[in-house]
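What follows is each chain in one-letter form.
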Amino acid sequence: MGRLANRDIISIKDLGRDQLEVIFAEADRISKLSDEERSCLCKGKTLGYAFYEPSTRTRLSFEAAMASVGGSSLGFSSTATTSTQKGESLADTIRIMAGYVDVVILRHPLDGSSRFAAEISNKPIINAASGTEEHPTQALLDIYTIKKEKGTVDGLKIGIIGDLKHGRTVYSLLYALIHYDVSVYLISPESLKIRPESIFEIGKLIPFTEITDIEECIDELDVLYVTRIQRERFTDQEEYEKMRGSYVVGLDILSRMKKDAIVMHPLPRLDEISPEVDGTPHARYFEQARYGKDIRAALLNLLLNSND
Ligand code: NCD
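By convention here, each chain's residues receive numbers from 1 onward along its written sequence. For a predicted model such as this one, the threshold for reporting local features is a pLDDT of at least 70, and the threshold for listing and counting side-chain atom pairs is 80 or more; totals across whole chains, interfaces and linings nevertheless cover every residue. Calculated side-chain values reflect all of the structure's heavy atoms, with hydrogen atoms and water omitted.

Draft legend 1. The arrangement of the overall build of the protein in detail. Runs of H or I in DSSP of at least four residues are treated as helices and runs of E of at least two as strands, each being numbered from the N terminus. The helix and strand inventory of the protein stands at 11 helices and 9 strands. What you see for the protein is a C-alpha radius of gyration of 19 Å, in line with the 19 Å of a compact globule of 308 residues. For the exposure calls, accessible area comes from a 1.4 Å probe over protein chains only, and a residue counts as buried if that area is under 20% of its type's maximum, exposed if over 50%, partly exposed in between. Among the 308 residues that make up the protein, the fraction classed as buried is 55%. By the convention used here, residues are in contact when the closest approach between their heavy atoms is within 4.5 Å. Here the analysis covers contacts within the protein between residues at least 6 apart in sequence; of these, 72% occur between residues at least 24 apart. Accessible area for the protein stands at about 13,000 Å²; split by element, carbon and sulfur atoms hold 49% of it. When charges are counted, Lys and Arg are positive and Asp and Glu negative, with His and the chain ends excluded. To locate a charge, take atom NZ for lysine, CZ for arginine, CG for aspartate or CD for glutamate. In the protein, 38 positive and 47 negative side-chain charges are present, and the distance between their average locations comes to 4 Å. C-alpha atoms define the radius of gyration, and 2.2 Å times the number of residues to the power 0.38 defines the globule rule. Using the Shrake-Rupley algorithm and a 1.4 Å probe, accessible areas are obtained, with residue cover drawn only from the displayed protein chains.

Below, the structure written as structure tokens:
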């Protein structure tokens, strides 16, 4: 098994099932430690965050995770107050940050940005989302949520609904699911279907069906993973307006789901899940966000301490 110590986490495709399981086991172990034991794990280590795009959960959960294992964090969550405004390149910003910290988490609007940063940095880079390409640590916490809430990933039927063309969490999730025995429904309006190159890649490894109407699979699903229409990725705002509200998960849809089916969402949600769903036993998206802290603490401990 490839070691995790000191490596970059750029694409979920770089991790095998054995490595995913190591991270999940570490999250389980860490979650049972006392605060005091936990705070010794990364004492004296510093995380740097370079966020060129907005974020709430990813940045806060990384910071909370690092604080819980005894480390500290520094960085920027908007380029407005950084030298990027003076024209400094991503390469130079990464070089400088890597000189001050032990690990860098990067969120950037360009596909390939994290891979590029990893070539420049002498410290591990964690991709905290790159363009429409990938969001590997979100996939870690998504699979971890399914394991915790359903007891297993193997054998499940998973529906992924929404803006499958632009949603980077969808790509990382699918690339992680290829290690499990699952079948997948990809549910989206015709113009927001999964990108063809990814269909080619995942199609060889997991059975999937592309549909436009959730009614075709709703009663079979164990997990419904909802995503938002990614307004910022549309070049034509009229097209966005047309797509907006094209699917809404509400109580009517829930009433046709299996009793123990769960609804997930990487968040933020707009109007694709009605607020009435929040109080039902199906809703798991807030738990999902909470698991992000333990998963990211586990990942940081595995990367920063050569003990795996
Ligand atoms: C996602 C993202 O940034 O890709 N958010 C997150 O990190 N949980 C999902 C989204 O923005 O829709």
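Here the narrative resumes, following the displayed structure.
Draft legend 2. Structural detail: the sheet that holds strand 3 (residues 103–108). The strand order 2-1-3-4 describes an open sheet built from 4 strands, whose pairing is parallel. Where the open sheet ends on each side, the last strands, each with one partner, are strand 2 (72–76) and strand 4 (125–130). Adjacent strand axes in the sheet meet at a mean angle of 15° when their direction is disregarded. Both strand 1 (residues 46–51) and strand 3 contribute to a ladder of 5 bridges, which runs parallel. Across the sheet, the residue bridging to leucine 47 is valine 103, located in strand 3. By this definition, two strands are paired if DSSP reports at least two bridges between them. In this description, a line fitted to the C-alpha atoms serves as the axis of each element, helices being fitted only across the stretch in contact, and the angle between N-to-C directions of two axes falls anywhere from 0 to 180 degrees.

Draft legend 3. Representation of the pattern of salt bridges. Here a salt bridge means any side-chain nitrogen of Lys or Arg lying within 4 Å of a carboxyl oxygen belonging to Asp or Glu. According to the stated counting rule, one finds 24 salt bridges in the structure shown. Note that lysine 150 and aspartate 260 form a salt bridge whose closest N and O atoms lie 3.7 Å from each other. Placement of lysine 150 in helix 6 (residues 136–150) and of aspartate 260 in the loop between helix 10 (251–254) and strand 9 (262–264) is noted, with a sequence separation of 110 residues between them. Ionic pairing is found between arginine 228 and glutamate 232, a salt bridge with its closest N-O pair at 2.8 Å. Linked by salt bridges that have partners in common, Arg17, Glu21, Lys147 and Asp154 make up one network.

Draft legend 4. Just helix 1 (residues 17–32), in detail. The terminal C-alpha atoms of helix 1, which comprises 16 residues, lie 23 Å apart, in line with the 22 Å expected from a rise of 1.5 Å per residue. Gln19, Leu20, Ile23, Phe24, Glu26, Ala27 and Ile30 are the residues of helix 1 that are buried. All buried residues of helix 1 project into a common sector of 160° when viewed along the axis, lining one side. The span expected for a helix works out to 1.5 Å for each residue beyond the first. Regarding the arc, it is the one traced by the directions from the helix axis to the C-beta atoms.

Draft legend 5. Representation of the nonpolar core. The criterion is simple. A nonpolar core is a set of buried Ala, Val, Leu, Ile, Met, Phe, Trp, Tyr and Cys residues joined through side-chain atoms within 4.5 Å. Ranked by size, the top nonpolar core spans 61 residues in total, and within it Ile23, Ile126, Leu140, Ile160, Leu174, Leu177 and Leu186 carry the most contacts. When residues of this core are assigned to their parent elements, the largest contribution, 9 residues, is made by helix 11 (residues 285–304). By size, the runner-up hydrophobic cluster in this structure holds 27 residues, among which are Ile214, Ile218, Ala261 and Val277.

Draft legend 6. Looking closely at the environment of isoleucine 120. Within the fold, isoleucine 120 resides in helix 5 (residues 113–120). What makes isoleucine 120 partly exposed here is its relative accessible area of 22%.

Draft legend 7. Just the pairing of strand 3, in detail. Most of strand 3 sits inside the fold, with 6 of its 6 residues counted as buried. Judged by which residues are buried, strand 3 turns out to be covered on both faces: Val103, Ile105 and Arg107 on one side and Val104, Leu106 and His108 on the other are all buried. One ladder, built from 4 bridges, connects strand 3 with strand 4; its direction is parallel. Across the sheet, residue histidine 108 finds its bridge partner in strand 4, namely serine 130.

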